[in-house]
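Chain residues, written in single-letter form:
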Amino acid sequence: SDTTSIGVCLGSCASVAARQRFSRHSNSEDCMQRLTQANLHKPAEAIFGDCARTCMAMILGLDRDSIPNFGVHYDDNAAWCKAVDDFLQPLGLSEVAIPIQASSWQDAASFIQRLNPGIPFVLSGISLTGVVHAVVISPDGQMYDPSINSSGIVKGCEDGYYWVWFYAKWCR
């Protein structure tokens, strides 16, 4: 299928920086700093969750606050993507997003890990609080939830998919 082809391709090139960081350690606990997001998502109060930047910081080994809060663009996908691209491009990275249809976050994570072993990734879906949320799946399959209230992922996004994000090195 197309999804399988995409996954196999990513296995050879995705998350180059992350693969290098994780390959030097016997397990992900040794190298991935667990971070907590600064804000829960409360758009009615003009507070925008920052789980996405927190996950990015964990995978890339950056300080959370050195990354813009993409959550301010929660309702504008084009602006969100531009903000992510604007941040990653100077680092020589791009974000690769893949929709995964699965019955649970565990099934989605397992599918991606079989195709891309040893590569951490961001997985998004709906949290216990009912909002779109992002977590990190470590190379050993652990879910690292950056939320303040341990809300995790309980189902796919509103479109029915779990979304997987990789950070890939690009060449021009």
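(A) Highlighting the pattern of salt bridges. Applying the stated criterion across every chain yields a total of five salt bridges. Between Asp50 and Arg64 there is a salt bridge, and its shortest N-O distance comes to 4.0 Å. Remark: Arg64 occurs in the loop between helix H3 (51–60) and helix H4 (77–88) and Asp50 occurs in the loop between helix H2 (16–23) and H3; sequence separation between them is 14 residues. The pair Asp50 / Arg64 is uniform in exposure class, with both members buried. We note a salt bridge from Asp65 to Arg53, for which the minimum N-O separation is 3.4 Å.

(B) Quick look at the pairing of strand E5 (residues 162–169). Taken across its eight residues, E5 has six buried, putting it largely inside the fold. Pairing of strand E1 (residues 93–100) with E5 involves eight bridges; the strand directions are antiparallel. If you follow Ile98 over to E5, its bridge partner there is Val164. Where strand E2 (residues 121–126) and E5 come together, three bridges link them in antiparallel fashion. Paired with Val122 across the two strands is Trp165, which belongs to E5.

(C) Up close: the environment of Ser151. Along the chain, Ser151 falls in the loop between strand E4 (143–144) and E5. Along the sequence, Ser151 and Ile126 sit 25 residues apart, while their C-alpha atoms lie 9.1 Å from each other. Beyond its immediate stretch of four places on either side in the chain, Ser151 contacts Ser127, Leu128, Thr129, His133 and Asp145.

(D) Spatial organisation of the nonpolar core. Counting residues in each nonpolar core, the largest one holds 24 residues, and the members touching the most others are Met56, Phe70, Leu88 and Tyr167. Listing elements by their share of this core, those giving two or more residues are H3, H4, strand E3 (132–137) and E5. A total of eight residues in this core trace back to one element, the largest contributor, which is H3. If we ignore the near neighbours within four places in the chain, the residues touching Leu88 are Met56, Leu60, Leu93, Ser94, Glu95 and Tyr167. Residues Ile112, Leu123, Val164 and Phe166 belong to the second largest nonpolar core, which totals 15 residues.

(E) Up close: H3. Buried residues dominate H3, accounting for ten of its ten residues. Looking at the residues trailing H3, positive phi occurs at Gly61, about 70°.

(F) A look at the packing of aromatic side chains. With the rule as written, the count across this model stands at three aromatic pairs. Among the aromatic residues, those joined into a ring-pair cluster are Phe70, Trp80 and Trp165. The aromatic ring of Tyr144 is capped on one face by Arg34, whose charged end is 4.0 Å from the ring centroid.

(G) Just the environment of Ile148, in detail. Among the structural elements, Ile148 can be located in the loop between E4 and E5. It is 9.6 Å that separates the C-alpha atoms of Ile148 and Cys51, two residues lying 97 residues apart in sequence. Excluding residues that lie within four positions of it along the chain, Ile148 makes contacts with Thr36, Gln37, Ala38, Asn39 and Leu40.

What counts and what doesn't
Residues numbered from 1 in each chain as written. Predicted model: local features only at pLDDT ≥ 70, side-chain atom pairs only at ≥ 80, totals over all residues. Heavy atoms only, no water. Salt bridge = Lys/Arg side-chain N within 4 Å of Asp/Glu carboxyl O. Helix = DSSP H or I, 4+ residues; strand = E, 2+ residues; numbered from the N terminus. Buried < 20%, exposed > 50% of the residue type's maximum accessible area, 1.4 Å probe, protein only. Pairing = 2+ DSSP bridges. Contact = heavy atoms within 4.5 Å. Core = buried A, V, L, I, M, F, W, Y, C linked by side-chain atoms within 4.5 Å. Phe/Tyr/Trp six-rings, centres within 6.5 Å; stacked < 30°, edge-to-face > 60°. Lys NZ or Arg CZ within 6 Å of the ring centre and 35° of its normal.

Any functional reading would require information beyond the geometric quantities listed.
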